[in-house]
Amino acid sequence: YATLQLPDEPLLSAIASASLRTMGAPGFTAQALANIAWAYANVRLHDGPLLNAIAEASIARISQCKAQDLANLSWSFAALSLR
């Protein structure tokens, strides 16, 4: 769907809800945060509450981020024109 720019909005909404509920869990890694941000940016879907939570959680886990995680997060927020 991302290649065709046809996001499955009900699915992405469910993913956002589940992510917001579980983002504080120990298994929710810096890479997972970066991957979710990348997926939403790739389909140009701006979910403010989710992206704000990703930003806060990423700051809290910044020491756990690998270079690729940081690059993906940076690209994602830039692609969605978030500051």
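On a predicted model such as this, the values are computed, not experimentally measured, just so you know. (Residues numbered from 1 in each chain as written. Predicted model: local features only at pLDDT ≥ 70, side-chain atom pairs only at ≥ 80, totals over all residues. Heavy atoms only, no water.)

Asks: Describe the nonpolar core, with residues and values.
Replies: Membership of the largest hydrophobic core comes to 21 residues, with the highest contact counts inside it found for Met-23, Leu-50, Ile-54 and Leu-73. Those elements giving two or more residues to this core turn out to be α1 (9-22), α2 (30-42), α3 (48-60) and α4 (67-79). With seven residues, α2 is the largest single contributor of residues to this core. Among all residues touching Met-23, those that are not within four sequence positions of it are Phe-28, Leu-33, Leu-50, Ala-53, Ile-54, Ala-57 and Arg-61. (Core = buried A, V, L, I, M, F, W, Y, C linked by side-chain atoms within 4.5 Å. Buried < 20%, exposed > 50% of the residue type's maximum accessible area, 1.4 Å probe, protein only. Helix = DSSP H or I, 4+ residues; strand = E, 2+ residues; numbered from the N terminus. Contact = heavy atoms within 4.5 Å.)

Asks: Quick rundown of the environment of Leu-50? Include the residues and the values.
Replies: Among the structural elements, Leu-50 can be located in helix α3. For Leu-50, a relative accessible area of 0% translates into the label buried. Taking the C-alpha atoms as reference, Leu-50 lies 8.7 Å from Ala-37; in sequence the two are 13 residues apart. For Leu-50, the contacting residues outside a window of four places in its chain are Ala-16, Ser-19, Leu-20, Met-23, Ile-36 and Tyr-40.

Asks: Hey, could you go over α3 for me, with residue numbers and the actual values?
Replies: Compared with the 18 Å implied by 1.5 Å per residue over 13 residues, the 18 Å span of α3 between its first and last C-alpha is a close match. Within the span of α3, buried status applies to Gly-48, Leu-50, Leu-51, Ala-53, Ile-54, Ala-57 and Ser-58. In the core, the buried residues of α3 are packed alongside α1, α2 and α4. Two or three places before Leu-50, at the opening of α3, Asp-47 has a side-chain oxygen 3.0 Å from that residue's backbone nitrogen. (Expected span 1.5 Å × (residues − 1). Polar contact = N/O pair within 3.5 Å; in protein donor to acceptor, adjacent residues only side chain to side chain.)

Asks: Please set out α4 residue by residue, giving values where relevant.
Replies: An ideal rise of 1.5 Å per residue puts 18 Å on 13 residues; α4 measures up with 18 Å between its terminal C-alpha atoms. For α4, the full list of buried residues reads Asp-69, Asn-72, Leu-73, Ser-76 and Phe-77. Seen end-on, α4 carries its buried residues on one side only, within an arc spanning 120 degrees. Away from its buried face, by an angle of more than 90 degrees, α4 presents the exposed residues Ala-67, Gln-68 and Ala-78. (Arc of directions from axis to C-beta.)

Asks: Account for the packing of α1 against α3, naming residues and giving values.
Replies: Where α1 meets α3, the axes come as close as 10 Å, and the angle between the chain directions of the two elements is 35 degrees. As for how α1 packs across α3, the hand of that crossing is left-handed. Residue-level inspection shows Ala-16, Ser-19 and Leu-20 of α1 in contact with α3, the latter providing Pro-49, Leu-50 and Ala-53. Grouping the constituent residues of the contact of α1 with α3 by class yields five nonpolar, one polar and no charged. (Axes fitted to C-alpha atoms, helices over the stretch in contact; angles between N-to-C directions. Left-handed = near helix turned anticlockwise from the far one by under 90°. Nonpolar A, V, L, I, M, F, W, Y, C, P; charged D, E, K, R; others polar.)

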